[in-house]
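What the coordinates show
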Amino acid sequence: MPEEKQVGFVTMGQAGGGADIREIGVGMLGYAFMGKAHSNAYRKIAYMTWPPPLVPRLVAVAGRTESAVAEAARRYGFARYATDWRELVANDEIELFDNSGPNNLHAEPTIAAAEAGKHVVCEKPLARTAEESHEVWQRVAAAGVKHMCAFNYRFVPAVRLAREMLEAGELGEIYHFRGRYLQEWGDIDDEVWRFERAQAGSGALGDLGAHVIDLARYLVGEIASVSGTTRTFKPGRDVDDAFEAVVEFEGGALGTIEASRFCSGRKNAFAWEINGSKGSIAFDLERLNELQVHLTGSRPGDRAQGFRTVLVSEADHPFWEHWWPHGHIIGWEHSFVHELNHFLTAIAGDGDVGPHGATFEDGYRAAEVCDAIVRSSESARREEVSYRG
Ligand SMILES: NC(=O)c1ccc[n+]([C@@H]2O[C@H](COP(=O)([O-])OP(=O)(O)OC[C@H]3O[C@@H](n4cnc5c(N)ncnc54)[C@H](O)[C@@H]3O)[C@@H](O)[C@H]2O)c1
């Protein structure tokens, strides 16, 4: 008989590199679209980023309908559920409050959780208006906890690579940012919270436009003024269905930002381009692993001019340490893994939320730009954006 190989089993407590990783209790408000994306991320962080900064422990999830939230808890792996988010705020096992609820439920629960000493991550837009967003930022900052507004597109590898190129000056002086976020589902009669101002604050503007504004700020810099027009195509609706805006950046760049839910054939078309004195870069979310790059100054006589496609999956590309051999591409859901891993790293004391994560100040500033676009549409004039401290 050949000698049997001894297979060794070790428990977590005995394992190598991760033996003393602290757990962090997570409480989540909402369990639908974003609740699913965030739950998926917390679970993946625990094993795909090794050693993780903290091991997320899914303590409780809150929703309105008991049977549905109970099912969500079981599905995602939360130990408990609640039909009132206040139970999460009162739960001492929860150190991180994740607000994945609709926009009208961002301010009160997020502030309450922060004032109960919990770190808070809140989905975008931070709140329904700049006023409300400012209060959330101020109250949460005063509570002294870590805060992050979930602008997840900052955590797409190609977007981070773009930021690194811009920071290194590889594009030279920046002349233009052109960003658009287009969807097609707006022409429906259903009652959806996103179509109600009282719940959503705004329509395509805060929902899709806020993402474009955040990346414009992250990549190019602060927006100084806007000339915008909003439009509601569906009669009876009190939020915008679309907007177009010309934006001027403090650094001198000129840009356009648009978003619409009325672009037939456009599923989730978030694309942007930046043009500078030394080249251009362009990104399209529907080709998330790619960055289009054109750098000027190539050899004389080189006729292979123009954009080339960089597959952002090399070992030294952003976030790639967590994944696969190059070329084995990743998806939209992984932006949330990177984002929440970044937040856990900040909570663990190994870095700040900003500048790569959007703080609540960033969430507030994006809301100021959104409000300025509404003001400009009403006044039919260019509006300065003034940011409060
Ligand atoms: N980062 C992104 O790419 C992205 C994408 C979609 C949505 N969002 C944002 O995420 C947030 C949630 O959007 P969604 O698409 O997940 O919405 P959704 O409608 O799919 O889910 C909302 C969740 O909130 C729960 N909820 C509603 N009222 C509640 C209450 N009173 N108490 C407890 N729970 C309640 C619902 O049961 C549901 O689980 C919004 O702020 C939205 O703007 C961000």
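Structure report, in brief. This one's a predicted model, so the numbers in the text were calculated from it and none came from an experiment.

Moving on: the overall build of the protein chain. In terms of regular secondary structure, the protein chain is built from 10 helices and 15 strands. Taken over C-alpha atoms, the radius of gyration comes to 22 Å for the protein chain, in line with the 21 Å a tight globule of 389 residues would show. Taken along the three principal axes of its C-alpha coordinates, the protein chain extends 75 × 60 × 40 Å. The buried share among the 389 residues of the protein chain stands at 53%. Long-range pairs, those at least 24 residues apart, make up 67% of the contacts in the protein chain with a sequence separation of at least 6. Total accessible area computed for the protein chain in this model is approximately 18,100 Å², and 48% of it derives from carbon and sulfur atoms.

Below, the discussion takes up the pairing of strand β5 (residues 119–123). Among the 5 residues that make up β5, 5 are buried, leaving the element largely enclosed by the rest of the structure. Residues His 119, Val 121 and Glu 123 of β5 are buried on one face, and the alternating residues Val 120 and Cys 122, pointing to the opposite face, are buried as well. As paired elements, strand β4 (residues 96–99) and β5 share 4 bridges and run parallel to each other. From the neighbouring strand, Leu 96 faces β5, where its bridge partner is His 119. Summarising the sheet, β5 and strand β6 (residues 147–150) pair through 4 bridges and their orientation is parallel. The residue bridging Cys 122 from the neighbouring strand is Cys 149, located in β6. After leaving β5, the chain enters helix α5 (residues 130–143) and then returns to the sheet as β6, a path that is right-handed.

The subject of this paragraph is the site of the ligand. The environment of the ligand is made up of 23 residues, and the closest members are Met 34, Asn 103, Lys 124, Asn 152 and Arg 194. Against a free-state accessible area of 850 Å², the protein chains account for coverage of 87% of the ligand. Taken atom by atom, the bulk of the ligand overlaps the largest pocket. A per-class count over the shell around the ligand returns 11 nonpolar, 8 polar and 4 charged. Residues from two domains meet in the shell around the ligand; each of domain 1 (12–151) and domain 2 (154–383) gives at least three.

What follows deals with the environment of Ser 67. Assignment of secondary structure puts Ser 67 in helix α2 (residues 66–76). A residue is classified by how much of its surface remains accessible, and Ser 67, at 56% relative accessible area, is exposed. The sequence separation of Ser 67 and Thr 83 amounts to 16 residues, and the corresponding C-alpha distance is 9.7 Å.

All right, on to the layout of surface pockets then. The gaps left among the atoms become clear once a water-sized probe is rolled over them. In this structure, the largest pocket occupies an estimated 880 Å³ of space. If you go around the largest pocket, you meet 37 residues; those closest to its centre are Ser 100, Gly 101, Pro 102, Trp 193 and Arg 194. In the lining of the largest pocket, the residues fall into 17 nonpolar, 14 polar and 6 charged. Shared between two domains, the lining of the largest pocket takes at least three residues from each, and those domains are domain 1 (12–151) and domain 2 (154–383). Taken as a whole, the second largest pocket holds about 420 Å³ of empty space. Together, 29 residues line the second largest pocket, and Arg 197, Gly 201, Ser 202, Leu 205 and Val 374 are the ones closest to its centre. Mapped by element, the contributors of at least two residues to the lining of the second largest pocket are α7 (197–200), α8 (204–219) and α10 (360–379). Tallied by class, the residues present in the lining of the second largest pocket amount to 13 nonpolar, 9 polar and 7 charged. Two domains each provide a minimum of three residues to the lining of the second largest pocket, namely domain 1 (12–151) and domain 2 (154–383).

Definitions and cut-offs
- One numbering rule holds for all chains: residues counted from 1, following each sequence as written.
- Only residues with pLDDT of 70 or above have their local features reported here, since the model is predicted, and side-chain atom pairs are shown and tallied only from 80 upward, although totals for entire chains, interfaces and linings are computed over all residues.
- Processing note: side-chain calculations cover all non-hydrogen atoms of the structure and skip hydrogens and water entirely.
- Per the convention used, a helix needs a DSSP run of H or I reaching at least four residues, while a strand needs a run of E reaching at least two, with both numbered from the N terminus.
- As a reference, a globule follows 2.2 Å times the number of residues to the power 0.38, and the radius of gyration itself is taken over C-alpha atoms.
- Burial classes follow relative accessibility: with a 1.4 Å probe on protein chains only, a residue under 20% of its type's maximum area counts as buried, one over 50% as exposed, and anything between as partly exposed.
- What makes two residues a contact is simply this: any of their non-hydrogen atoms within 4.5 Å.
- The method behind every accessible area is Shrake-Rupley, applied with a 1.4 Å probe, and residues are considered shielded solely by the protein chains displayed.
- Any two strands with at least two DSSP-identified bridges between them are counted as paired.
- Looking down the strands as they point away from the viewer, one classifies a crossover as right-handed if the path from the first strand across the helix to the second runs clockwise.
- Each residue is tested against the molecule or strand, and it is near if at least one of its non-hydrogen atoms lies within 4 Å.
- Residues are called lining when one of their atoms sits within 4 Å of a cavity or pocket point, these points coming from a 1 Å grid over the protein atoms alone, where a cavity is a set in which a 1.4 Å probe fits but cannot get out and a pocket is an open set with protein on both sides within 12 Å along at least five of seven lines.
- Molecule-in-pocket calls rest on the fraction of atoms, with more than half required to lie within 2 Å of the cavity or pocket grid points.
- When residues are sorted by character, Ala, Val, Leu, Ile, Met, Phe, Trp, Tyr, Cys and Pro go into the nonpolar class, Asp, Glu, Lys and Arg into the charged class, and all the rest, Gly among them, into the polar class.
- Domain borders in the structure are assigned automatically or taken from a domain database.
- Grid points are joined across faces, edges and corners, and a volume is the space filled by probe spheres set on the points.

All we've got here are geometric facts, nothing functional implied.
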